[in-house]
Amino acid sequence: MLKGTFPVEKFKVIPTPFYYYDISLLRETLETVKTESDKYGYHVHYAVKANANPRILSIIAEYGLGADCVSGGEIRASLAAGFPANKIVFAGVGKADWEIELGLDNDIFCFNVESAAELEILNEWAEKKNKIASVAFRINPEVDARTHAKITTGMKENKFGINLSMLGQVLDLLKTLKHVKLIGIHSHIGSQITDISAFRSLAIRMNEIQEELDQRGITVEHVNFGGGLGVDYYHPNHLSIPPFDDYFAVFHKLLQVRPGQQVHFEPGRSVVAQCGSLISKVLYVKEGEAKKFAILDAGFTELIRPAMYDAYHRIENISNDDPVEFYDVVGPICESSDVFGKEVELNKAHRGDLIALRSAGAYGEVMASQYNCRQLPVAYYSDEL
Ligand code: LLP
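**Some points on the site of the ligand**
Part 1 of the reasoning: Around the ligand sit 19 residues in total, of which Ser-191, Glu-266, Arg-305, Tyr-309 and Tyr-363 are the nearest.
Part 2 of the reasoning: Measuring from an oxygen atom of the ligand, one finds a side-chain N or O atom of Ser-191 at 2.3 Å.
Part 3 of the reasoning: Gly-228 is positioned with one of its backbone polar atoms (N or O) 2.9 Å from an oxygen atom of the ligand.
Part 4 of the reasoning: A total of 590 Å² of accessible area belongs to the ligand in isolation, and the protein chains cover 92% of it.
Part 5 of the reasoning: Residues that form the shell around the ligand fall into these classes: six nonpolar, seven polar and six charged.

**Some words on the side chain of Asn-51**
Part 1 of the reasoning: Residue position: Asn-51 is located in the loop between β2 (43-47) and α3 (54-62).
Part 2 of the reasoning: Asn-51 sits in the buried class, given a relative accessible area of 1%.
Part 3 of the reasoning: Here Asn-51 is in contact with Tyr-21, Tyr-46, Ile-56, Leu-57, Val-272, Gly-361, Glu-365 and Val-366, once residues within four sequence places are set aside.

**Focus on empty space enclosed by the protein**
Part 1 of the reasoning: Applying the stated rule across the entire model yields one cavity of 30 Å³ or more.
Part 2 of the reasoning: One number sums up the size of the largest cavity: a volume of about 60 Å³.
Part 3 of the reasoning: His-45, Val-89, Phe-109, Cys-110, Asn-112, Ala-136, Ile-183, Gly-184, Ile-185, His-222, Asn-224 and His-264 are the residues that line the largest cavity.
Part 4 of the reasoning: When residues of the lining of the largest cavity are assigned to their parent elements, the largest contribution, three residues, is made by strand β8 (residues 180-186).
Part 5 of the reasoning: Each residue belonging to the lining of the largest cavity can be placed in one class, and the counts come to six nonpolar, six polar and no charged.

**Overview of the side chain of Arg-314**
Part 1 of the reasoning: Tracing the sequence through the fold places Arg-314 in the loop between α11 (305-309) and β13 (315-317).
Part 2 of the reasoning: There is a polar contact of 2.8 Å between the side chain of Arg-314 and the side chain of Glu-316.

**Examining unusual backbone geometry**
Among all residues except glycine, the phi angle is most often negative; among peptide bonds, the trans geometry is most common.
Part 1 of the reasoning: Cis peptide bonds are those with omega within 30 degrees of zero, and the linkage from Thr-16 to Pro-17 qualifies with -5°.
Part 2 of the reasoning: With respect to the helices and strands, Pro-17 occurs in the loop between α1 (8-11) and β1 (18-21).
Part 3 of the reasoning: Even without a glycine there, the phi angle at Ser-359 is positive, about 55°.
Part 4 of the reasoning: By relative accessible area, which is 1% here, Ser-359 ends up buried.
Part 5 of the reasoning: Backbone geometry at Asn-372 places phi at a positive 65°, although glycine is not the residue there.
Part 6 of the reasoning: The residue Asn-372 is located in the loop between β16 (354-357) and β17 (378-381) in this model.

**Overview of the pattern of salt bridges**
Part 1 of the reasoning: For the structure on display, the rule yields 23 salt bridges.
Part 2 of the reasoning: Close ionic contact of Asp-172 with Lys-175 constitutes a salt bridge, the shortest N to O distance being 3.6 Å. Of this pair, Asp-172 and Lys-175 both sit in helix α7 (residues 167-176), three residues apart, roughly one helical turn.
Part 3 of the reasoning: Judged by its relative accessible area of 40%, Asp-172 falls in the partly exposed class.
Part 4 of the reasoning: Members of the salt-bridge network, linked through shared partners, are Arg-55, Asp-383 and Glu-384.

**Quick notes on the packing of aromatic side chains**
For any two aromatic rings, the description comes down to two numbers: the centre-to-centre distance and the angle of the planes.
Part 1 of the reasoning: Per the counting criterion, the structure on display carries 23 aromatic pairs.
Part 2 of the reasoning: An angle of 80° between the planes, with centres 5.4 Å apart, marks the rings of Tyr-247 and Phe-251 as edge-to-face. Pair noted here: Tyr-247 and Phe-251 are both in helix α9 (residues 244-254), with a separation of four residues, about one helical turn.
Part 3 of the reasoning: Tyr-247 gets classed as buried once you look at its relative accessible area, which sits at 1%.

**Looking at the nonpolar core**
Part 1 of the reasoning: Core analysis: the largest hydrophobic core is formed by 100 residues, its most contacted members being Tyr-46, Phe-111, Leu-119, Phe-137 and Phe-251.
Part 2 of the reasoning: Broken down by element, the residue count for this core peaks at seven residues, all from helix α8 (residues 197-215).
Part 3 of the reasoning: Once residues lying within four places of it in the same chain are set aside, the contact partners of Tyr-46 are Asn-51, Leu-57, Ile-60, Leu-65, Gly-66, Ala-67, Asp-68, Phe-83, Pro-267, Gly-268, Val-271 and Val-272.
Part 4 of the reasoning: Residues Val-8, Phe-11, Ile-14 and Tyr-20 belong to the second largest nonpolar core, which totals 10 residues.

**Notes on the pairing of β1**
Part 1 of the reasoning: Alternating residues of β1 divide into Phe-18 and Tyr-20 and Tyr-19 and Tyr-21, and every residue in both groups is buried.
Part 2 of the reasoning: Alignment of β1 against β17, held across four bridges, turns out to be parallel. Residue pairing for β17: Phe-18 is matched across the bridge by Val-378.
Part 3 of the reasoning: Note: β1 against strand β11 (residues 276-287), four bridges, orientation antiparallel.

**Topic: helix α2 (residues 23-38)**
Part 1 of the reasoning: In this model α2 runs 22 Å from its N-terminal to its C-terminal C-alpha over 16 residues, within 8% of the 22 Å that 1.5 Å per residue would give.
Part 2 of the reasoning: As for α2, its buried residues are in contact with β1, β2, α3, α9, α10 (269-272) and β17.

**A word on the pairing of strand β10 (residues 262-265)**
Part 1 of the reasoning: Where β2 lies against β10, two bridges are found, and the strand directions are parallel. Looking across to β10, one finds that Val-44 is bridged to Phe-265.
Part 2 of the reasoning: Of the strand pairs in this sheet, strand β9 (residues 222-224) and β10 are connected by three bridges, and their pairing is parallel. When the sheet's bridge partners are listed, Asn-224 is paired in β10 with His-264.
Part 3 of the reasoning: Note that the unit made of β9, α9 and β10 has a crossover that is right-handed.

Thresholds applied
- Residues numbered from 1 in each chain as written.
- Predicted model: local features only at pLDDT ≥ 70, side-chain atom pairs only at ≥ 80, totals over all residues.
- Heavy atoms only, no water.
- Near = heavy atom within 4 Å.
- Polar contact = N/O pair within 3.5 Å; in protein donor to acceptor, adjacent residues only side chain to side chain.
- Areas by Shrake-Rupley, 256 points an atom, 1.4 Å probe, with all protein chains shown as cover.
- Nonpolar A, V, L, I, M, F, W, Y, C, P; charged D, E, K, R; others polar.
- Helix = DSSP H or I, 4+ residues; strand = E, 2+ residues; numbered from the N terminus.
- Buried < 20%, exposed > 50% of the residue type's maximum accessible area, 1.4 Å probe, protein only.
- Contact = heavy atoms within 4.5 Å.
- 1 Å grid on protein atoms, 1.4 Å probe; cavity = no way out; pocket = protein on both sides within 12 Å on 5 of 7 lines; lining within 4 Å.
- Points joined across faces, edges and corners; volume = space filled by probe spheres on them.
- Salt bridge = Lys/Arg side-chain N within 4 Å of Asp/Glu carboxyl O.
- Phe/Tyr/Trp six-rings, centres within 6.5 Å; stacked < 30°, edge-to-face > 60°.
- Core = buried A, V, L, I, M, F, W, Y, C linked by side-chain atoms within 4.5 Å.
- Pairing = 2+ DSSP bridges.
- Expected span 1.5 Å × (residues − 1).
- Right-handed = clockwise from strand over helix to strand, strands pointing away.

Pasting the structure below:
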């Protein structure tokens, strides 16, 4: 069974569960992102929600990326990690007043505005501070991302963005507001998108939206496509860097860029998923009547994706090369949804074996909780062990 390479001897003295980040893979991924986006002069704002670990953030900032934030906490974390304020975009349907103030006080690059109501409040705050806030309208492009329902965002029934049919009204409102300036349009159709044709539809829809704006005599300087590029959870050892080349090429081929217009992206998962693994230990092997359970010391408190989205994560026993057997791999949390995988092929599991849950760098550590009074997981880095 092909496995990732891990410093297993070093792991043996670290209390489990913990997150382990392969920093050279992270750097290689970032170099690829840079090379492929630089080909077209595209701007990349890393979606901090995917992983806000301070060390990971500061490495990403080193590569000159901007940050895509969805809360005041993320803005603070990004600034602390070294992302320049003028490369921070701030999205989210429910920006609280203090978060709007924080963005204004730091002169962030852009507020991705999701409703008329928010635009009015942002205008009020900017007026109080005697500033002009730069805004991009997040438009709901009504493009089906063909991904998991809980991570689809670009459809009419989702809470995100301004519906296309309402755009005219929001533009009329904009004319009456003196402290907000429209600099861009933004959209994000969902996450873990592996069917590249969804991005084709998005680029084409953006052309249509721009034509609608043209008719109103509006040309925006910035177009932002959000994030969404998926990763291969089944083959983290072969396909550890997502196809950034194909991804950016779709937009280059299809988007009708206006003179001087700048194009932006907000990838999260594709940047960090493959460099992270959750390392856990087998506590017990329980022989059930019909199946065997490998009971780990990690649960959905450390990695919630399988319980929350039925997500698949590759699971490897990194302690031995014994013949494989089938196990339901479960955690210790008192909920029946605390299952990482059913009928998982693992090298024979024994108490104390180390188990790696792969592709956990995105929406892993950052979504951990203290349910059952558990401790938040600690992280270790390949270049510091
Ligand atoms: N931009 C916006 C406006 C977003 O809402 C998101 C993700 C991104 C960018 C980054 O998307 P990415 O490149 O990572 O697909 N917790 C879920 C994923 C939630 C994604 C939310 N929005 C999961 O574990 O699958």
